[in-house]
Amino acid sequence: MSSWLIRGALVIDGSNREPFRADIAVENGMIAEVSPSIKGGGKEVIEADGLVAAPGFIDIHSHTDLTVFKHPLAESKALQGVTTEVIGNCGIGAFPVNDERRAVLIDYLRIHDFHLPSYGLSWNNFTQYADQLDRIGLGLNLAPLVAHGALRIAILGVEDRTPTDKELESMKNLLADSLEQGAWGLSTGLIYPPGSFAKTEELVALAKIVAHYGALYASHIRGEGATLMEALDEAIRIGKKSGVRVEVSHLKAMGKDNWGRGKEALLKLEKARQGGMDIAADQYPYEATSTSLTALVPPWAHAGGVSKLLKRLASPETTERLQAEILREMNKRGGPSRIVIAEIGSVKNIRLSGKKVSQIAELWNCAPEIAVMQLLLEEKAAVGAVYFSLSDEDVAAILSSDQVSVGSDGMGMNAKEDLGKSTHPRSYGTFPRILGVYAREKGILSLAKAIHKMTGLVAGRLGLEDRGFIKPGFTADLVLFDPLTIQDRSTFDHPHQYATGVVFTWVNGCPTVQEGIITGNTPGRVLRKRGGALHS
Ligand SMILES: [Zn+2]
């Protein structure tokens, strides 16, 4: 393994302390020394005058779970300086897999725009999935969470009901197995069926297992608009009753009526912390959200899985009710002119990608809610959408909080191979956007604080013991960037543009980006949480 000497960089070490000038020596994948003057002997020397050296960015909220099979270098992330992605978020993930319900899980993943490798879902548990990922060779590290959606599907499919005692026991055991094997926690997606079918008590029971392993409970909470406060209360209740460490995923206040409530949400979290709870949040720096178009469809219509959903969309018995409820949800998210169709699978409808729902309705000469239902039917429910439903004031307020980490909510993409596919720019721009726009241009936060929110803070949330800081003895996940030019370039109209300003990214001591160019190296691996259960 090569050794590196980064000379004269401005070191921002991930702890939120003042930047300082120093040399950094990397040996055998580790940070060997950080001091004002280090001798070069045998190392590759990089003159880093004017550049910032920071710990590699840890993306606490990513959906790279399956995309990584297609893009193992995760180019859009590497060029942002990301060295670790936390996957399995929002209750959507690729394990555990019960052979009898494999097809149900595949359907679930497909409506969330997760594409399987050519050989399908060839694993059952965390270890087999992680081994498979390690075999393909990764450009960055992955830290998987157990997805509650996959866990629930493995035991009771997509049924809209409470698990029996026996089923709950099976879910708890399956969760414990995954944590035992090295998963970093549990994620829920409480607006997405089957996660949305879970009552708080089920989540408390599972969170107790997570707490027992000292792992993280990350939640896409039950409401991010009108019911944001109640949804936060539920997350707090789960934390209080189980003793688990809680992460509120992609904190936001969605829909015009709720703009300005970002601060209120932060206060609620602060109060819970003062009460002794370990609760924090993460965020991506954009005014639009992105998820499946099925998020407009009420949960009851999802019961039983995708085939049942399609039947209900087509059935005269349910269409009227569905139209009314889809329209209501659409308006909550800003209305048909603020919802843009992104990912679309069929050749027939590919030209609709990038169009607003209102434009499609016009094109088809029908009401927008009917256009949504028609599109979902034609695409078998696999349609991605971007919802322009947030305010910049909230984005900035939430970003200013010391307790909010940065997470992209995106996935690793390749600008050349994905070109033409409509997507949210967060997959390409999240981290440079915080550094370039929010720290440098708007001055909303200092560079040291911005970096802390992408590194040391996140490592603490996850319980990653040897990453997230520039310190001797830590793993050499590092990024070297130009603070004057770092910038996101991806936009909603032209998303497939890599960020600029990252000069080097090292993963486990090996460069994945060198002089601003992807090296093709694959030093990444699946990180497996050590330590097993905590003994109290
Ligand atoms: Zn989510």
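Predicted, not measured: the structure shown is a model, and the values here were computed from it. (Residues numbered from 1 in each chain as written. Predicted model: local features only at pLDDT ≥ 70, side-chain atom pairs only at ≥ 80, totals over all residues. Heavy atoms only, no water.)

Undergrad: Help me out: how do you make sense of the pattern of salt bridges in this one?
TA: Where charged atoms of side chains with opposite charge meet at close range, the side chains can pair. Under the criterion given, the structure shown has 34 salt bridges. Here E234 ties to R222 by a salt bridge, and the two come within 2.8 Å at their closest N and O atoms. Separated by 12 residues along the polypeptide, E234 in helix α8 (residues 228-242) and R222 in the loop between β11 (216-220) and α8 bring together distant segments of the chain. For R222, a relative accessible area of 29% corresponds to the partly exposed category. (Salt bridge = Lys/Arg side-chain N within 4 Å of Asp/Glu carboxyl O. Helix = DSSP H or I, 4+ residues; strand = E, 2+ residues; numbered from the N terminus. Buried < 20%, exposed > 50% of the residue type's maximum accessible area, 1.4 Å probe, protein only.)

Undergrad: Would you take a moment to explain the nonpolar core for this structure?
TA: Looking at soluble globular proteins, one finds that nonpolar side chains tend to be buried together. F57, W123, L175, L232, L251 and F481 are the most contacted members of the largest nonpolar core, which totals 101 residues. For F481, the contacting residues outside a window of four places in its chain are L51, V52, A54, F57, L435, I451, I486, G501, V502 and V503. (Core = buried A, V, L, I, M, F, W, Y, C linked by side-chain atoms within 4.5 Å. Contact = heavy atoms within 4.5 Å.)

Undergrad: Would you explain the coordination of the zinc ion in this entry?
TA: Six octahedral donors around a metal ideally sit at 90 or 180 degrees from one another, while four tetrahedral donors ideally sit at 109.5 degrees. Coordination of the zinc ion by the protein involves C90 (SG), H220 (ND1) and H250 (NE2), with metal-donor separations of 2.1 to 2.3 Å. For the zinc ion, the donor residues sit on a single chain with the sequence spacing C-x129-H-x29-H. With a gap of 130 residues between them, C90 in the loop between β7 (82-87) and α3 (102-111) and H220 in strand β11 connect regions that are remote in the sequence. One exposure class covers both C90 and H220, and it is buried. (Donors = N, O, S within 2.8 Å, 3.2 Å for Na, K, Ca; no water.)

Undergrad: Help me understand the pairing of strand β13 (residues 279-283), please; the structure alone is not making it clear to me.
TA: The side chains of a regular strand alternate between the sheet's two faces. Most of β13 is tucked away: five of the five residues are buried. With burial as the criterion, each face of β13 is covered, one bearing I279, A281 and Q283 and the other bearing A280 and D282. Sheet topology places strand β12 (residues 245-248) next to β13; three bridges connect them, and they run parallel. Counterpart to V246 in the pairing with β13 is I279. Handedness of the crossover is the feature at issue here: the chain leaves β12, passes through helix α9 (residues 262-274), returns alongside β13, and the resulting connection is right-handed. Both β13 and strand β17 (residues 404-406) contribute to a ladder of three bridges, which runs parallel. Following the sheet pairing, A281 is matched in β17 by V404. (Pairing = 2+ DSSP bridges. Right-handed = clockwise from strand over helix to strand, strands pointing away.)

Undergrad: What's the story with the packing of helix α12 (residues 357-364) against helix α13 (residues 368-378) in this structure? I'm lost.
TA: How two helices sit against one another is set out by the angle between their axes and by the gap between those axes. Taken N-terminus to C-terminus, the directions of α12 and α13 make an angle of 90 degrees; their axes are 8 Å apart at the nearest point. On the basis of the axis angle, α12 is roughly perpendicular to α13. Between α12 and α13, the residues in contact are V357, I360, A361 and W364 and P368, A371, V372, Q374, L375 and E378, respectively. Of the residues belonging to the contact of α12 with α13, the class tally is eight nonpolar, one polar and one charged. (Axes fitted to C-alpha atoms, helices over the stretch in contact; angles between N-to-C directions. Parallel < 35°, antiparallel > 145°, perpendicular 65-115°, else oblique. Nonpolar A, V, L, I, M, F, W, Y, C, P; charged D, E, K, R; others polar.)

Undergrad: Explain α3 here, please?
TA: Since the α-helix advances by 3.6 residues per turn, residues separated by three or four positions end up pointing in the same direction. Every buried residue of α3 is accounted for by R102, L105, Y108, L109 and I111. Where the residues of α3 are buried, they touch α5 (148-156), β14 (289-292) and α10 (306-314). Immediately downstream of α3, the backbone of D113 shows phi near 65 degrees, a positive value.

Undergrad: Explain the sheet that holds strand β6 (residues 57-59) to me, please; I cannot follow it from the model alone.
TA: Adjacent strands of a sheet pair through backbone hydrogen bonds, lying either parallel or antiparallel. The three strands are arranged β6-β7-β8 in an open sheet whose pairing can be described as parallel. A single partner strand is all that each edge strand has here, and the edge strands are β6 and β8 (141-144). Strand-to-strand, the axes of this sheet are offset by a mean angle of 20 degrees, without reference to chain direction. As defined by bridge partners, β6 adjoins β7 across three bridges and the pair is classed as parallel. Residue pairing across strands places I58 opposite T84, the latter belonging to β7.

Undergrad: Mind showing me how you'd approach the environment of I370 here?
TA: Topologically, I370 is positioned in helix α13. Under the relative-accessibility criterion, I370 is labelled partly exposed at 35%. For the pair I370 and H61, spaced 309 residues apart in sequence, the C-alpha to C-alpha distance is 33 Å.

Undergrad: Would you mind showing me how to read the sheet that holds β11 here?
TA: Within the open sheet, the six strands sit side by side as β9-β10-β11-β12-β13-β17. Their pairing is parallel. The open sheet terminates on both sides in strands that have one partner only, identified here as β9 (146-147) and β17.

Undergrad: Even after reading the chapter, I still don't get the packing of aromatic side chains, so can you show me in this structure?
TA: Each aromatic ring pair is described using two quantities: the centre-to-centre distance and the angle formed by the ring planes. Applying the stated criterion across every chain, the model contains 13 aromatic pairs. Each ring, one from W123 and one from Y129, has its centre 5.0 Å from the other, and the planes form 50 degrees; the classification is tilted. Just as W123 is buried, Y129 falls in that class too. Pairwise contacts between aromatic rings join F69, F95, Y119, W123, F126 and Y129 into one cluster. The side chain of R321 reaches across the aromatic face of W300, ending 3.9 Å from its centre. (Phe/Tyr/Trp six-rings, centres within 6.5 Å; stacked < 30°, edge-to-face > 60°. Lys NZ or Arg CZ within 6 Å of the ring centre and 35° of its normal.)

Undergrad: Hey, could you run me through the environment of L79 in this one?
TA: Relative to the helices and strands, L79 is located in the loop between α2 (75-78) and β7. Of the residues examined, L79 reaches a relative accessible area of 8% and is grouped as buried. The spacing of L79 and L327 is 248 residues in sequence and 39 Å in space, taken between C-alpha atoms. Sequence-distant contacts of L79, that is, excluding residues within four places in its chain, are made with Y498, A499, V502, V513, G516 and I518.

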